[in-house]
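Examination of the molecular architecture
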Amino acid sequence: MQIAETIEETRRIVKEWRKEGLSVGLVPTMGYLHDGHKSLIVRAAGENDRVVVSDFVNPTQFGVNEDLDSYPRDMERDAAVCEEAGAALIFHPSPEEMYFPDHCTFVDMESLTKGLCGKTRPTHFRGVCTVVSKLFHIVAPDRAYFGQKDAQQLAVIRRMARDLDFDIEIVGCPIVREADGLAMSSRNTYLDGKERQAALILSQALARGEEMAKAGEKDAAKIKAAMEEKIRTEPLAKIDYVEIVDADTMESLDTVAGRPLAAIAVYIGKTRLIDNTLL
Ligand code: PAF
């Protein structure tokens, strides 16, 4: 496995593969890899001749008071995970390599990004779309792999790839959970012992929503209210949002129909966690 820190070197390596007629999968990450990321790399390795993992904490997707500086980083560990999962190349650029000091071009989206996480993180998806577009141009993969845990991000990237004619298949992969149900996230490392326990309220609330939908409840407001009630039983939890939306358009649903997604964001102490499930 190789590690490239520049755009030029990454392009050179991928071009060599292309000359040999090899297919390429891209797994974009911000590093501090866990088993959720690993599952994306393993899947990509099964479906492509070569896999590139980008490992870059993207500054443009963090708001001013967010955790850019404290976001966990461990390149040595990431390299071991990538190697084991079957990656051929890690692209690990510096912020200066990715953004000129006078960078002023951004990819923005007019719908899909306003609700859910976009409400509390109004510039987040502009940063995500911009960096993912850059990665798509740098690596030019056949397929790119994203986790369903960031359901809004996945819908946004699918839409961006469609609207901007990226000739790349966007592959959504299932959420990977800890044995007790907590969705894997690099931000779980912020939780202390009590908070880690309290964080189970997210998957428990979603399970409550799923149960109701399975039992035939169609009224989205009722399911939403039951999930909120469940979250409020946990003293360390503070709701950011509980929504039932269409999984493709991210528009709010009154009735559970089509591809309904229950999506939640909850602060556990100072840590904001997200989770979701298709109902
Ligand atoms: O999901 C993430 O880790 C990031 O948002 C992504 C897609 C790598 C862009 O920085």
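This is a predicted model, so every value here is computed, not measured. (Residues numbered from 1 in each chain as written. Predicted model: local features only at pLDDT ≥ 70, side-chain atom pairs only at ≥ 80, totals over all residues. Heavy atoms only, no water.)

Turning our eyes to something else, we now look at the packing of aromatic side chains. The tally for this structure, following the rule as stated, stands at four aromatic pairs. Ring plane angle 35° and centroid distance 6.4 Å describe the contact between Phe56 and Tyr99, whose orientation is recorded as tilted. Of this pair, Phe56 sits in the loop between strand E3 (50-55) and helix H3 (75-85) while Tyr99 is found in the loop between helix H4 (95-98) and helix H5 (117-120), placing the two residues 43 residues apart along the sequence. Aromatic side chains Phe62 and Tyr71 sit 5.9 Å apart centroid to centroid with 80° between the ring planes, which places their arrangement in the edge-to-face category. For Phe62, a relative accessible area of 8% puts it in the buried group. The class of Tyr71 is buried, set by a relative accessible area of 7%. Members of the aromatic cluster, each reached through a chain of ring pairs, are Phe136, Phe146 and Phe166. A cation over an aromatic ring shows up here: Arg77 above the ring of Tyr32, its NZ or CZ 4.8 Å from the ring centre. Positioned over the ring face of Tyr99 is Lys134, at 5.4 Å from the centre of the ring. (Phe/Tyr/Trp six-rings, centres within 6.5 Å; stacked < 30°, edge-to-face > 60°. Helix = DSSP H or I, 4+ residues; strand = E, 2+ residues; numbered from the N terminus. Buried < 20%, exposed > 50% of the residue type's maximum accessible area, 1.4 Å probe, protein only. Lys NZ or Arg CZ within 6 Å of the ring centre and 35° of its normal.)

Let's shift gears to the state of the cysteines. The full count for this structure, using the stated rule, is zero disulfides. Distance from the sulfur of Cys104, which forms no disulfide, to the nearest cysteine sulfur (Cys129) is 18 Å. Here Cys104 falls in the exposed class, since its relative accessible area comes to 64%. Cys117 forms no disulfide, and the closest cysteine sulfur to it belongs to Cys129, at a distance of 13 Å. With relative accessibility at 8%, the residue Cys117 sits in the buried group. (Disulfide = S-S within 2.5 Å.)

Around the ligand, the neighbouring residues are Pro28, Thr29, Met30, Asn58, Gln61, Val128, Val131, Phe146, Asp150 and Gln153. In this structure, Gln153 approaches the ligand through a side-chain N or O atom, which is 2.7 Å from an oxygen atom. Only strand E2 (24-29) and helix H6 (124-139) provide two or more residues apiece to the shell around the ligand. Among the residues making up the shell around the ligand, the classes are represented as five nonpolar, four polar and one charged. (Near = heavy atom within 4 Å. Polar contact = N/O pair within 3.5 Å; in protein donor to acceptor, adjacent residues only side chain to side chain. Nonpolar A, V, L, I, M, F, W, Y, C, P; charged D, E, K, R; others polar.)

Tallying each qualifying case throughout the model produces 15 salt bridges. Here Lys19 and Glu16 are joined by a salt bridge, their closest N and O atoms 3.4 Å apart. Of this pair, Lys19 and Glu16 both sit in helix H1 (residues 7-19), three residues apart, roughly one helical turn. According to the relative accessible area criterion, Glu16 is partly exposed, its value standing at 35%. Ionic pairing is found between Glu84 and Lys38, a salt bridge with its closest N-O pair at 2.8 Å. Pair noted here: Glu84 is in helix H3 and Lys38 is in helix H2 (residues 35-47), with a separation of 46 residues, a long-range link. Lys38 gets classed as partly exposed once you look at its relative accessible area, which sits at 23%. (Salt bridge = Lys/Arg side-chain N within 4 Å of Asp/Glu carboxyl O.)

Read from one edge of the open sheet, three strands run E7-E8-E9, paired in antiparallel fashion. At either end of the open sheet lies a strand with only one pairing partner, and these are strand E7 (237-246) and strand E9 (271-278). Sheet twist, expressed as the average angle between the axes of neighbouring strands with direction ignored, equals 15°. Relative to E9, strand E8 (residues 260-268) runs antiparallel, the two sharing eight bridges. When the sheet's bridge partners are listed, Ala265 is paired in E9 with Ile274. Running at roughly 160° to E7, helix H10 (residues 220-232) makes contact with E7 and E8 of the sheet. (Pairing = 2+ DSSP bridges. Axes fitted to C-alpha atoms, helices over the stretch in contact; angles between N-to-C directions. Contact = heavy atoms within 4.5 Å.)

Here the focus is the sheet that holds strand E1 (residues 2-4). A sheet is described by the order of its strands in space; here six strands give the open sequence E1-E4-E3-E2-E5-E6, paired in parallel fashion. Looking at strand neighbours, the two that pair on one side only are E1 and strand E6 (169-173), the edges of this open sheet. Between one strand and the next, the sheet's axes are offset by a mean angle of 25°, whatever the strand orientation. Judged from the three bridges that link them, E1 and strand E4 (residues 89-91) form a sheet pairing that is parallel.

Moving on to the nonpolar core. Formed by 49 residues in total, the largest nonpolar core has its most connected members in Trp17, Val52, Met98, Phe136 and Ile170. A per-element tally of this core places H6 first, with nine residues. Those residues in contact with Phe136 that sit more than four places away from it in its chain are Leu26, Pro141, Ala144, Phe146, Ile157, Met160, Phe166, Ile168 and Ile170. (Core = buried A, V, L, I, M, F, W, Y, C linked by side-chain atoms within 4.5 Å.)

The next subject is unusual backbone geometry. The backbone of Tyr32 sits at a positive phi, close to 50°, despite the residue not being glycine. Counting through the fold element by element, Tyr32 comes out in the loop between E2 and H2. Phi at Met250 takes a positive value of approximately 65°, unusual for a residue other than glycine. Positionally, Met250 belongs in the loop between E7 and E8.

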